[in-house]
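Below, each chain spelled out in residue letters.
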2 protein chains.
Amino acid sequence: MDIEKIECIFNPQSVAVIGATDTFGKWGFDLIRAVVKNRGKRKIYPVNIREEEVCGIKSFHRVTDIPETVDFAVIVVPAPHVVSVMRDCAKKGVKAAIVITAGFAEMGEKGKELQKELVSVARDGGIRFIGPNTMGHFSTLSGFDTLTLLPVAFKRGEIGLISQSGNIGGYVLLRGLEEGVGFSKFIGTGNEADLTLEDYLEYLGQDDNTKVIALYIEGLRQGRRFFELAREISKKKPIVALKVGRTSAGMKAAQSHTSALSGADRIYDAMFKQCGVIRVDEVAELYDTAIALLRQPIMKGNRVGILTRGGGFGVLSSDACQARGLDVSTLSPRTIDGLNAILPPYWSHGNPVDTVAATGCTYEALRLMLDDENIDAIYYVAVIDKDPRLNIGRLIDIAPSKREQAERLVAEYNSRELESVDMMLSHMGEYQKPIVFCSSRPGRKPWDSELYHRFRDDGVMIYSAPEDGAKVLARLAEYGRYLRSCG
Amino acid sequence: MDIEKIECIFNPQSVAVIGATDTFGKWGFDLIRAVVKNRGKRKIYPVNIREEEVCGIKSFHRVTDIPETVDFAVIVVPAPHVVSVMRDCAKKGVKAAIVITAGFAEMGEKGKELQKELVSVARDGGIRFIGPNTMGHFSTLSGFDTLTLLPVAFKRGEIGLISQSGNIGGYVLLRGLEEGVGFSKFIGTGNEADLTLEDYLEYLGQDDNTKVIALYIEGLRQGRRFFELAREISKKKPIVALKVGRTSAGMKAAQSHTSALSGADRIYDAMFKQCGVIRVDEVAELYDTAIALLRQPIMKGNRVGILTRGGGFGVLSSDACQARGLDVSTLSPRTIDGLNAILPPYWSHGNPVDTVAATGCTYEALRLMLDDENIDAIYYVAVIDKDPRLNIGRLIDIAPSKREQAERLVAEYNSRELESVDMMLSHMGEYQKPIVFCSSRPGRKPWDSELYHRFRDDGVMIYSAPEDGAKVLARLAEYGRYLRSCG
């Protein structure tokens, strides 16, 4: 692999943005602004055949007019001009580039010819490039960003995302943005005319800032290489993949989208299993699973203990866990005795442990369950079933004079809960058993509360439906099994 | 069925709340407030053995002390006192009741005995009752509400929800609350010692204010009656059910929760199919599907046309639709011609119709697809891919002087989009073909925008993941098939 050139893709010292413009509504308008926003010491050169200045910066008519060295070119001119621009870049000694422009292999025979020519010009000039037909890429560490999705920077984190679709990549990134989850690097691979998904995978495999790799795959161009790479990488860091084209309709759509040939789905399935890639079924799962794999300990077996504050959630979670191959295991007699001592007499006396809305003892129940040798992970469902703000509302409903009392109760409740979050997370590390959390409230509003922030700051998700957390637990078990099978 | 008594459950003229209290933290505190909040002309009598006044209202020591007629009793005293309270109610001539208190059949042999006694006292007194061990119930039409989940009233609507779990019911109700979706009636069935799920189903079946019935089922006590009722009702209004206990772990948990015997899952599955009950797999689906069944036209076949502004979403949706038995059909030549005339040359030329981020023509494309005799429903994915607020942000980024121009652009964009929503919804009615919408953004934040409010006010959901909408479409197709099979 051309490590130096791929390094340059994520952290160039000098960048030409070819097609930069001040005309609102054009991609080149957003792009120059994306590149400029975190520039730091990076040198930025707008290039526009007609302009003298773009975005308040001196602009050049051609990349060859730039008097200084140019490491990297961002190309966003119309398709018919891309090849000649690439030729200029070669003359200029540019090391690497990204071609945002569409209208190549995804457009039939003529486009394929044009793409071939583009590759040949770049290869002759020693330029490696991303695209064409891509939404962009970024590194949060270096602050280099060609993704025009939003006028804000993405948060730094340890998930590396490689996506063969800009909008699916964007979907995952936006969920992270909304929930405060960071990424190390993102690459929208586009048509992969030169650099392919396998190149990025190899790079992220050896990138110390990336601890989990998430992939959206329509079709692999170098299946054998992918397999060899993934087999090595997945021993050190988890790889989670959403591979589409499961059905004939999906395959057809993928071909028309990025000219990717999906291949028989069951071959992919077997291949992923053999090289330890965790395959997920839905786009939300790609995100949910990547975060869990990042933060949670390796799961040592298949046995889940479910802790719930409500019976219905316990039933739903039991079904969801077992349906995904997890074992809702039998508690040891010692755990039962321990729980008898702290829970009200009407608790469920088994797994799921239903505290029947009893509060104040759930943390202690969780600790007892973590200590059970029959349990490899905890699923804590219906966490935070009380919103203290509502309690205040109810209390001052009697008499405004009770506001003070209400606020004190809420503060006490909050600090007790926050303390228990800290203890739960520290026990998760101590016992090296995953704890997956699910809220009893739908939607993502809970992220507004202090309690949820505490979880989030530690990189732990609260799933919002009982089935979602069960899916994630099954993936954690799968990855643990794979690692054990490697010996 | 005892229609008069069940009527009384949802709209009593006079209510005794037995166990009402001003002690914060007790259920009776929240309960009296829930009952009082929309009282209108309804007479409310707190009953508490020790108090003279509760919640600012004159209180009675026993229900028999109340000088006026009492239609309905809300019972929230500790379990050991429930039977004697029920005896008092019988003496007083109360017609119907709800027993919130837990500690009956779900608690083993002693609890079962107590429950038997309770039923026998109620039967002797001619009282029908909900529970015991229930979260409560409500009717938004009458404003009668014993559900203490939140100190606000739920919105009026046409979905009737019957749940064998309070927290699962609460989950669905809270999602509705968050997204502005209303309900007609809710019943947390509890232990179903007297009135059962089948009674409520029969009642909602003939209730004109309920257009769709949603069920959370752990186990049926009167399977044969359920079957007969559902077979008749589902011809007139859709019934959607989440039935848990699919796995042995789920069955065991259900038994410990509400002492329900789940029975073999495949028997339930076959039974639901025969009587036209739409069975869903996840709690989020119960909500999503109920809303779609409420508002969308009956689907006349299996063939879906997918319209997308991004290729990845098109691929994911194609997979998700076909995997659930839908047919991503071939467009008619006339539709292809029509789309060629309005879309940029690089469109996908097939189904899914990928407009490749071209804007301004998606509404017209949708109309052409609706008109295609090969299409029974439209799945419109990645609706509203532009957030005008971001565009303003970008534009004023060049020069603050352009703010005015930016605001005009946004206003134009907004009014064009709003117009197209109106047209899409009116065409949905005209062609009588469902249109299911999915956002390109994760989470539920889009509900804040004017555009989403317009959809929502018309009762139409925007799903936030491509797989979610596909699941719903498959249910719409299933219900259509069932109705056709009935002739």
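Predicted model, so just to flag it, every value in this text is computed and none were measured.

Rules of the game
- Residues numbered from 1 in each chain as written.
- Chains lettered and ligands numbered in written order.
- Predicted model: local features only at pLDDT ≥ 70, side-chain atom pairs only at ≥ 80, totals over all residues.
- Helix = DSSP H or I, 4+ residues; strand = E, 2+ residues; numbered from the N terminus.
- Contact = placed C-beta atoms within 7 Å.
- Core = buried A, V, L, I, M, F, W, Y, C linked by C-beta atoms within 7 Å.
- Buried ≥ 20, exposed ≤ 12 C-beta atoms within 10 Å, placed from the backbone.
- Nonpolar A, V, L, I, M, F, W, Y, C, P; charged D, E, K, R; others polar.
- Pairing = 2+ DSSP bridges.
- Expected span 1.5 Å × (residues − 1).
- Domains from an automatic or database assignment.
- Least-squares fit on C-alpha atoms with pLDDT ≥ 70 in both.
- Right-handed = clockwise from strand over helix to strand, strands pointing away.
- Axes fitted to C-alpha atoms, helices over the stretch in contact; angles between N-to-C directions.
- Parallel < 35°, antiparallel > 145°, perpendicular 65-115°, else oblique.
- Left-handed = near helix turned anticlockwise from the far one by under 90°.

We now examine the overall build of chain A. Looking only at helices and strands, one finds 17 helices and 20 strands in chain A. Within chain A, counting contacts between residues at least 6 apart in sequence, those at least 24 apart form 73% of the total.

Moving on: the nonpolar core. Ile75(A), Leu473(A), Ile75(B) and Leu473(B) are the most contacted members of the largest nonpolar core, which totals 310 residues. With residues up to four places along the chain from it excluded, the contact list for Ile75(B) reads Ile18(B), Gly19(B), Val82(B), Val85(B), Ala97(B), Ile98(B), Val99(B), Ile100(B) and Thr101(B).

Residue-level contacts link 67 residues of chain A with 67 residues of chain B. Going through the elements one at a time, α2 (27–37), α5 (166–179), α8 (248–258), α10 (283–295), α11 (311–323), α14 (388–396) and α17 (466–486) of chain A are the ones with two or more residues in the side of chain A that touches chain B. Broken down by element, the side of chain A that touches chain B gets its largest block of residues, 11 residues, from α11(A). In the side of chain A that touches chain B, the residues fall into 29 nonpolar, 22 polar and 16 charged.

The amide bond that connects Gly131(A) to the next residue, Pro132(A), takes the cis arrangement and shows omega of -5°. Looking at the secondary structure, you find Pro132(A) in the loop between β7 (128–130) and β8 (137–139). Of note, the amide linkage connecting Asn351(B) to Pro352(B) takes the cis form, showing an omega dihedral of 5°. Relative to the assigned elements, Pro352(B) resides in the loop between α12 (333–342) and β17 (353–354). In this model, His349(A) sits at a positive phi of 55°, which is unusual for a non-glycine residue. Tracing the backbone shows His349(A) in the loop between α12 (333–342) and β17 (353–354). For His349(A), a count of 15 C-beta atoms within 10 Å gives the class partly exposed.

All names here are of chain A. The strand order across the open sheet built from seven strands is β9-β8-β11-β10-β12-β13-β14, with neighbouring strands paired in mixed fashion. Edge strands, defined here as strands with exactly one partner in the open sheet, are β9 (144–145) and β14 (278–280). As defined by bridge partners, β8 adjoins strand β11 (residues 183–188) across three bridges and the pair is classed as antiparallel. What sits directly across from Ser139, in β11, is Lys185.

A few words now on helix α10 (residues 283–295) of chain B. In an α-helix, one full turn covers 3.6 residues, which means residues spaced three or four apart are oriented alike. Residue and element names in this part refer to chain B. For α10, built from 13 residues, the straight-helix expectation of 18 Å at 1.5 Å per residue is met to within 8% by its first-to-last C-alpha distance of 19 Å. In terms of burial, α10 is largely enclosed, as 12 of its 13 residues are buried. Taken as a whole, α10 has its buried residues at Val283, Ala284, Glu285, Leu286, Tyr287, Asp288, Thr289, Ala290, Ile291, Ala292, Leu293 and Leu294.

The next subject is the environment of Ala323(B). If you trace the backbone, Ala323(B) turns up in helix α11 (residues 311–323). Judged by the 17 C-beta atoms lying within 10 Å of it, Ala323(B) is partly exposed. Separated by 227 residues in the primary sequence, Ala323(B) and Ala96(B) have C-alpha atoms spaced 48 Å apart. Not counting the four nearest positions on each side in its chain, Ala323(B) is found in contact with Arg246(A) and Thr247(A).

One frequently used descriptor of interface size is the decrease in accessible area upon assembly of the parts. Residue and element names in this part refer to chain A. As far as domains go, chain A holds domain 1 (1–134), domain 2 (154–295) and domain 3 (297–486). Each side of the interface is counted separately: domain 1 has 17 residues, and domain 2 has 16 residues. At the level of elements, α1 (3–10), α4 (109–124) and β7 are the ones that each hand at least two residues to the side of domain 1 that touches domain 2. With four residues, the single largest contributor to the side of domain 1 that touches domain 2 is α4. Of the residues assigned to the side of domain 1 that touches domain 2, the class counts are 11 nonpolar, four polar and two charged.

Before going further, it helps to spend a moment on the relation of the copies chain A and chain B. Note on the copies: chain A fits chain B at an RMSD of 0.0 Å, the axial shift is 0.0 Å, and the rotation between them is 180°. The transformation relating the two chain copies, once decomposed into turn and shift, fits a two-fold axis. Same-surface contact between copies: 100% of interface residues of chain A are shared with the interface of chain B.

Compared with the 28 Å implied by 1.5 Å per residue over 20 residues, the 29 Å span of helix α17 (residues 466–485) of chain B between its first and last C-alpha is a close match. Burial within α17(B) is extensive, with 15 of its 20 residues counted as buried.

Here we come to the pairing of strand β1 (residues 14–18) of chain B. All names here are of chain B. Across the five residues that make up β1, a large majority, four, are buried. Here β1 pairs with strand β2 (residues 43–47) via five bridges, running parallel. Directly across from Ala16, in β2, lies its bridge partner Tyr45. Following the chain from β1 across helix α2 (residues 27–37) to the adjacent parallel β2, one finds a crossover that is right-handed. When β1 meets strand β5 (residues 72–75), the two strands line up parallel, connected through four bridges. Residue pairing across strands places Val17 opposite Val74, the latter belonging to β5.

Time to look at the packing of helix α15 (residues 403–431) of chain A against helix α16 (residues 450–457) of chain A. A pair of packed helices is characterised by two quantities: the angle between their axes and the separation of those axes. Residues and elements named next belong to chain A. Where α15 contacts α16, the axes come no closer than 10 Å and their chain directions differ by 15°. Accordingly, the angle class assigned to the pair α15 and α16 is roughly parallel. At the point where α15 passes α16, the crossing takes the right-handed sense. Residue-level contacts link Asn414, Glu417, Leu418 and Val421 of α15 to Glu450, Leu451, Arg454 and Phe455 of α16. Of the residues contributing to the contact of α15 with α16, the split by class is four nonpolar, one polar and three charged.

Residues and elements named next belong to chain A. Strands sit in the order β2-β1-β5-β6-β7 across an open sheet of five strands; the sheet is parallel. At either end of the open sheet lies a strand with only one pairing partner, and these are β2 (43–47) and β7. Strand-to-strand twist in this sheet, taken as the mean axis angle between neighbours without regard to direction, amounts to 20°. On the sheet, helix α3 (residues 79–92) packs against β1 (14–18), β5 (72–75) and β6 (96–99) and is oriented at approximately 170° with respect to β5.

Let us now look at the packing of α3(A) against α4(A). Residues and elements named next belong to chain A. As a packed pair, α3 and α4 sit with axes 9 Å apart at the nearest point and diverge in direction by 10°. Accordingly, the angle class assigned to the pair α3 and α4 is roughly parallel. Across from Ala79, Val82, Val83, Met86, Arg87 and Ala90 in α3, the residues of α4 making contact are Leu114, Glu117, Leu118, Val121, Ala122 and Asp124. Residues belonging to the contact of α3 with α4 are distributed by class as follows: nine nonpolar, no polar and three charged.

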